[in-house]
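If you want the building blocks of each chain, they are given just below.
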Amino acid sequence: MADINSTTKKRVHKAGQTGLASLALLSVLSGCVSAPMPREPAPPAAIAPAPAVVAPARPAIGRPPAGLENLIQDQWRLFPGRTGVAIMRVDGGEWVLGRRMDELFPQQSVSKTWVALTVLDMVDQGKLRLDQKVRITRDDLAVFHQPIRDQVIANGSIEVSVLNLLETSIRASDNTANDSLLRTVGGPQAVKSFIARKNLGAIRFGPGERALQSGIAGLDWKQEYAIGRRFYAARDAVPLATRKAALDRYLNDPIDGASPQAIVRALAKLAKGELLSASSTRIMLDIMSRTSSGPNRLKAGVPAGWSFLHKTGTGQVLPPVSTGYNDIGIMTAPDGTRYAIAVMMGSTTAPIPQRMTFMQFVSRTVASYHQN
């Protein structure tokens, strides 16, 4: 019996060494720094394939800590508006907890995650190349946040690599970059097919930024809205009752809706390398680790020594209500254990600092209850 125990210990020691090697890889990815636009990222040949990140094996837990669930419940109940929260422990005995976890919430720019995954899945299938160029003209410009717009207007048109558009869409949440990728993969149906094929559950995908945002505002899209502040002027001219009715329809049945639980389970699949190849998984996680939007949302509650990667979303405002204020991401503890988190504020009257404080509370509390 003593010999058997000795052999078992050696195997556990060996597994621990393998887990530490994987943890070191994740730390390198999380520490990468963003390259400024418009410089092209390195072509795919310069990106060495790497195995999917796998955290060390941990004893199965089976259910979340009661104290964590109670704290989340208490703060969630006090927060004004309709908010969904889901937290999933990815490694060492999966569990999920939250509130309104299975209801659909507007994603807004969180949905850029599924476009990027569809792109990388097509790269894995050999249907697309990361160094492939995409032409963008004034007719392709979108609405709201689109830093790439100035380059297009100044030059009439530009050609940008697929990898560059992935960077700009996820890291900078550029709407034109996202719509250009969406057009490149074959439109919304291609993304819906990816979601269905990968069994991601209750995640919808909308018609693209232009049609989505104009519909929410009670408008029909006109390409002239992409220039300057013309969209804002057109929206301001919509009768208040018409605009409110359009917004209410969207909130009651969001065309881009997703459940917080489906989102965290999808993030867990991504983290474990179950959605993409090892190389594409690394690229996606690396870009998400350098997201520049929402630094004071979930990220600000993540303690020192942990790593965090995420994607934000921000919807339209019709005072006093703000909509689609979201953040989803993966927290990684110093020991390599990962937690997928989604906070989806469908509609709220809370000011921005209060929204940020709630998100920070969620990520900070998850870390405080992590079991070593």
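Not measured: the values here are computed from a predicted model.

**Focus on the nonpolar core**
Generally speaking, a soluble globular protein has its nonpolar side chains buried in company with each other.
Reasoning step 1: Counting 62 residues, the largest nonpolar core has Trp 114, Leu 166, Ile 263 and Met 284 as the members making the most contacts within it.
Reasoning step 2: If we skip the residues at most four places from it in the chain, Trp 114 touches Gln 107, Val 191, Ile 195, Leu 200, Ile 203, Ile 263 and Ala 266.
Reasoning step 3: Among the nonpolar cores identified, the runner-up in size contains 25 residues, and Val 85, Phe 308, Val 343 and Val 362 belong to it.

**Focus: helix α13 (residues 352-368)**
Reasoning step 1: If you check α13, its first and last C-alpha atoms are 24 Å apart, about what 17 residues at 1.5 Å a residue would give, namely 24 Å.
Reasoning step 2: Those residues of α13 that fall on the buried side of the exposure criterion are Arg 355, Phe 358, Met 359, Gln 360, Phe 361, Val 362, Ser 363, Thr 365, Val 366 and Ala 367.
Reasoning step 3: Residues of α13 that are buried sit in contact with α2 (66-78), β1 (82-89), β9 (321-332) and β10 (338-348).

**So, the packing of helix α5 (residues 162-171) against helix α6 (residues 175-185)**
In helix packing, the relevant descriptors are the interaxial angle and the interaxial distance, both defined with respect to the helix axes.
Reasoning step 1: It is at 8 Å that the axes of α5 and α6 come closest, and there the two elements cross at 135°. Judged by the angle between their axes, α5 and α6 are oblique. Regarding α5 and α6, the two cross each other, and that crossing is left-handed. Facing Val 162, Leu 165, Leu 166, Thr 168 and Ser 169 of α5, the residues of α6 in contact are Ala 177, Asn 178, Ser 180 and Leu 181.
Reasoning step 2: Its residues assigned to classes, the contact of α5 with α6 comprises 5 nonpolar, 4 polar and no charged.

**Section: the environment of Arg 149**
Reasoning step 1: Relative to the helices and strands, Arg 149 resides in helix α4 (residues 149-155).
Reasoning step 2: Overall, the relative accessible area of 19% leaves Arg 149 in the buried class.
Reasoning step 3: Sequence spacing of Arg 149 and Thr 176 is 27 residues, and the spatial spacing of their C-alpha atoms is 7.4 Å.
Reasoning step 4: Residues within four places of Arg 149 in sequence aside, it is in contact with Leu 141, Ala 226, Ile 227 and Gly 228.
Reasoning step 5: For Arg 149, the side chain forms a polar contact with the main-chain oxygen of Ala 226, separated by 2.7 Å.

**Here's the deal with the pairing of strand β7 (residues 307-313)**
Reasoning step 1: Buried residues dominate β7, accounting for 7 of its 7 residues.
Reasoning step 2: Residue alternation in β7 divides its side chains into two sets, Ser 307, Leu 309, Lys 311 and Gly 313 and Phe 308, His 310 and Thr 312, and both sets are buried.
Reasoning step 3: Direction of pairing for β7 relative to β9: antiparallel, over a ladder of 7 bridges. Note that in β9 the partner of Phe 308 across the bridge is Met 331.

**Section: unusual backbone geometry**
Reasoning step 1: Pro 319 connects to Pro 320 through a cis peptide bond whose omega is 5°.
Reasoning step 2: Mapping Pro 320 onto the fold places it in the loop between β8 (317-318) and β9.
Reasoning step 3: Unlike most non-glycine residues, Gln 108 shows phi in positive territory, near 55°.
Reasoning step 4: We classify Gln 108 as buried; its relative accessible area is 3%.
Reasoning step 5: Unusually for a residue other than glycine, Asn 199 sits at a positive phi of about 55°.
Reasoning step 6: Residue position: Asn 199 is located in the loop between α7 (188-197) and α8 (209-216).
Reasoning step 7: Classification of Asn 199 by relative accessible area gives exposed; the value is 61%.

**Points about the side chain of Arg 235**
Reasoning step 1: Tracing the sequence through the fold places Arg 235 in helix α9 (residues 230-236).
Reasoning step 2: Reaching out from Arg 235, the side chain makes a polar contact with the side chain of Gln 316 at a distance of 2.8 Å.
Reasoning step 3: Among all residues touching Arg 235, those that are not within four sequence positions of it are Phe 144, Ala 217, Leu 219, Arg 243 and Gln 316.

**Some remarks on the pattern of salt bridges**
Reasoning step 1: All chains considered together, the criterion is met by 17 salt bridges.
Reasoning step 2: Glu 103 is the partner of Arg 82 in a salt bridge, and the nearest nitrogen-oxygen pair spans 3.0 Å. Here Glu 103 lies in the loop between β2 (95-99) and β3 (105-106) and Arg 82 lies in strand β1, a separation of 21 residues in the sequence.
Reasoning step 3: By relative accessible area, Arg 82 is classed as partly exposed at 23%.

About the criteria used
Residues numbered from 1 in each chain as written. Predicted model: local features only at pLDDT ≥ 70, side-chain atom pairs only at ≥ 80, totals over all residues. Heavy atoms only, no water. Core = buried A, V, L, I, M, F, W, Y, C linked by side-chain atoms within 4.5 Å. Buried < 20%, exposed > 50% of the residue type's maximum accessible area, 1.4 Å probe, protein only. Contact = heavy atoms within 4.5 Å. Helix = DSSP H or I, 4+ residues; strand = E, 2+ residues; numbered from the N terminus. Expected span 1.5 Å × (residues − 1). Axes fitted to C-alpha atoms, helices over the stretch in contact; angles between N-to-C directions. Parallel < 35°, antiparallel > 145°, perpendicular 65-115°, else oblique. Left-handed = near helix turned anticlockwise from the far one by under 90°. Nonpolar A, V, L, I, M, F, W, Y, C, P; charged D, E, K, R; others polar. Polar contact = N/O pair within 3.5 Å; in protein donor to acceptor, adjacent residues only side chain to side chain. Pairing = 2+ DSSP bridges. Salt bridge = Lys/Arg side-chain N within 4 Å of Asp/Glu carboxyl O.

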